[in-house]
Amino acid sequence: MKNSLIKGIALFVVIFGLVSCDKDFNSMGSDLVDDHNFTLEKYEVQHLKAYSKATGPVQTNNLPINALGIYKDPYFGTTKAQFVSQVELSSGNPTLGFQPVIDSVYLHVPYFSTLKSTSDTGEKIYELDSVYGYAETAKFKLHVYENKYFLRDYDPDTDFESAQKYFSNEKFLVDAYKGTELLNNSSNVAQNEEFLINNKEIYIYKTNGNGEYLNDSGAVLADQNNPALRIIKERKLPGIWLDLKNSFFQQKILDAAASGALFNNNVFKNHFRGLLFEVEAITPDQGALAMLDFSSAEIKIIFKASNVAPTTEAPNPTRTRKVLNLQMGYKSSTAKRANCINFIEHTKSADYQAKLASSDVLNGDERIYLKGGNGSVAFLDVFGPDVKKAVNDVMVPEPNGNGIPDELEELRINMKLNRWLVNEANLIFYIDQSALYQQATLSNTKQVEPERIYIFDATNHKPILDYNADNSNGTTPKKNKGAFGGLIERETVADANGNKKGIKYKVRLTEYIRQLIKNENTNYDDNVRLGVAVIEDINSPANAAINPTNPITIGTSQVPFIPVSTVMSPLGTILYGTKIPASDPNVAKKLKLEIYFTKPNE
């Protein structure tokens, strides 16, 4: 057992101040607390094995956050993300009036953004979040079509007893039922053939029923082409803005009301089965990708209708302006239940593909490769072989093992006999900057690193104890559970391409390791396989299924789930693994599990 002692009153005072309220510490009695006779010891786990596994196609229906666009990662390759969603009425059986005629239809999906400042002219300046490849030249084609494929709630293969799962590679299901009309058919190519993600606030100007811009008094502007003369009626956050095809929505929505197609959402979602968003590169591998909450989207049909039926005496009653609100996307915390699927195509780079193919489950890998979406995750096997057993607190040979790794059993004996207390336990992952940034440096482009990685129980497919124990809030929701960790630590100075390179990630396993070594609660005494993944959102601990036609296989076992939050991330990183030779100059960056024990001095 390789130990290194850290002694000294000054260090002890700091550590003791952090843990003096710990129930495990106090359980030893006040006499121990009073005499201040302790040693703090750092123990580095000797048997730790890490290896990468490709996820293959993953479950992507009804995600909290969905990707749309094209993003080329300098190392990992190109991700192309497309989307389909049902559309719902905001309220069933709406009153449209008589002879409704559409003026306009628009769709707005806000980006995640933060208001940074307001100019002297009142223009609000926003900074976009969760947009990758953002640049003024990152244009791509965006086409919206009617979806005619019904997105089911329940799976007929289970006699409709289980929720339907759709996977990232199943776009072929809707392709066969795609409408033929381009619905975002505006003459403004920035809405279709040259779509561009930007951080500009969106203005809705004052217009008349013919779409002409008006001045303050309601008169038509003589110059219809000068935006400075227009009157801003409404401001909207930066986002996707699409003017949709009037004739389609007139026929599909307003004209169908008389037949009862708008009676409720069950009827409506069968009548109008939703919208399909397709993207295509203008220049190969170029574009940008945004993470979007489609449940915050708004679809507005603006029309005019009369409140009374026409008669012989009054065949043309006065029509007034009305709005029909539609919604899309799925949000479990609300009543929005529009089924949706994120289709993700990832063209892996040759090097990334080769590294995944050569991953060594038996001995571990020198580097581990994490990539969100339908990318890759890593697994950790901790505490090594099981060829001994404890008899009267002494380890003796047991060739067939007893189900407990020998290193773990030795730690349990030491805790029992020597009154060791687990003070803290951390996994330390160093980033291989050279490998990750090599292609970015050669191509003079920006390498975007994931802000966070996540450790999970890959045996039982759930969060570990430390995740559940941490209820802390960060400066943003993505930084919640800061004590649990996993947040990137970066260099303070940027390189020539504006990259502040990541140094390492640290994840806390204190509660998990403490309960595992104490071995007092059968709910927490199993040495589970740990999973590692990049994530988009720490607040989404749910699982996504792996497509059963292409499972993750480790030996004779299969991993059926991964965290849903890794599915929502397009980013990747390269971390130092566990199989690094002692002669390697980077051996100090080898993946470590460090456990700090507090020991009473006898």
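Placed above this text is the structure.
Residues numbered from 1 in each chain as written. Predicted model: local features only at pLDDT ≥ 70, side-chain atom pairs only at ≥ 80, totals over all residues. Heavy atoms only, no water.

### Thoughts on the packing of helix 8 (residues 406-418) against helix 11 (residues 510-518)
Thought 1: Where helix 8 meets helix 11, the closest approach of the two axes is 8 Å, and the angle between their N-to-C directions is 80°. With respect to their mutual orientation, helix 8 and helix 11 come out roughly perpendicular. Residue-level inspection shows Leu408, Leu411, Arg412 and Met415 of helix 8 in contact with helix 11, the latter providing Leu516, Ile517 and Lys518.
Thought 2: Considered class by class, the residues forming the contact of helix 8 with helix 11 number five nonpolar, no polar and two charged. (Axes fitted to C-alpha atoms, helices over the stretch in contact; angles between N-to-C directions. Helix = DSSP H or I, 4+ residues; strand = E, 2+ residues; numbered from the N terminus. Parallel < 35°, antiparallel > 145°, perpendicular 65-115°, else oblique. Contact = heavy atoms within 4.5 Å. Nonpolar A, V, L, I, M, F, W, Y, C, P; charged D, E, K, R; others polar.)

### Considerations on helix 11
Thought 1: With seven of nine residues buried, helix 11 lies mostly within the body of the structure.
Thought 2: Taken together, the buried positions of helix 11 are Thr510, Tyr512, Ile513, Arg514, Gln515, Leu516 and Ile517.
Thought 3: Downstream of helix 11 by a residue or two, asparagine 519 has a phi angle that is positive, lying close to 60°. (Buried < 20%, exposed > 50% of the residue type's maximum accessible area, 1.4 Å probe, protein only.)

### Section: the side chain of lysine 269
Thought 1: With respect to the element layout, lysine 269 can be found in helix 6 (residues 265-271).
Thought 2: Take lysine 269: its relative accessible area is 10%, and that puts it in the buried class.
Thought 3: A polar contact is formed between the side chain of lysine 269 and the side chain of glutamate 88, at a distance of 3.2 Å.
Thought 4: Other than its neighbours up to four places away in sequence, lysine 269 contacts Gln86, Val87, Glu88, Phe150 and Arg337. (Polar contact = N/O pair within 3.5 Å; in protein donor to acceptor, adjacent residues only side chain to side chain.)

### Some points on the sheet that holds strand 17 (residues 298-306)
Thought 1: Reading across the sheet, the five strands line up as 6-18-17-7-14 and stay open at both edges, with antiparallel pairing between neighbours. At either end of the open sheet lies a strand with only one pairing partner, and these are strand 6 (87-89) and strand 14 (239-243). Strand-to-strand twist of the sheet, defined as the mean angle between neighbouring strand axes without regard to direction, takes the value 30°.
Thought 2: As paired elements, strand 7 (residues 98-110) and strand 14 share five bridges and run antiparallel to each other. Across the sheet, the residue bridging to histidine 108 is tryptophan 241, located in strand 14.
Thought 3: Sheet strands in contact with helix 5 (residues 246-254) are strand 7, strand 17 and strand 18 (319-328), and its direction is about 115° off that of strand 7. (Pairing = 2+ DSSP bridges.)

### Thoughts on the pattern of salt bridges
Thought 1: Enumeration over the complete set of coordinates arrives at 29 salt bridges.
Thought 2: With its nearest N and O atoms 3.9 Å apart, the salt bridge here joins glutamate 449 to arginine 490. With glutamate 449 in the loop between helix 9 (433-443) and strand 25 (453-457) and arginine 490 in strand 27 (residues 485-490), the pair connects residues that are 41 residues apart, well separated along the chain.
Thought 3: With a relative accessible area of 3%, glutamate 449 lands in the buried category.
Thought 4: For arginine 490, a relative accessible area of 30% gives the class partly exposed.
Thought 5: Here glutamate 451 and arginine 490 are joined by a salt bridge, their closest N and O atoms 2.7 Å apart. Separated by 39 residues along the polypeptide, glutamate 451 in the loop between helix 9 and strand 25 and arginine 490 in strand 27 bring together distant segments of the chain. (Salt bridge = Lys/Arg side-chain N within 4 Å of Asp/Glu carboxyl O.)

### Things to note about unusual backbone geometry
Thought 1: At serine 130, a residue that is not glycine, the phi angle is positive and equals roughly 60°.
Thought 2: Counting through the fold element by element, serine 130 comes out in the loop between strand 9 (124-129) and strand 10 (131-132).
Thought 3: One non-glycine residue, asparagine 444, lies in positive phi territory at about 55°.
Thought 4: Here asparagine 444 is to be found in the loop between helix 9 and strand 25.

Any functional reading would require information beyond the geometric quantities listed.
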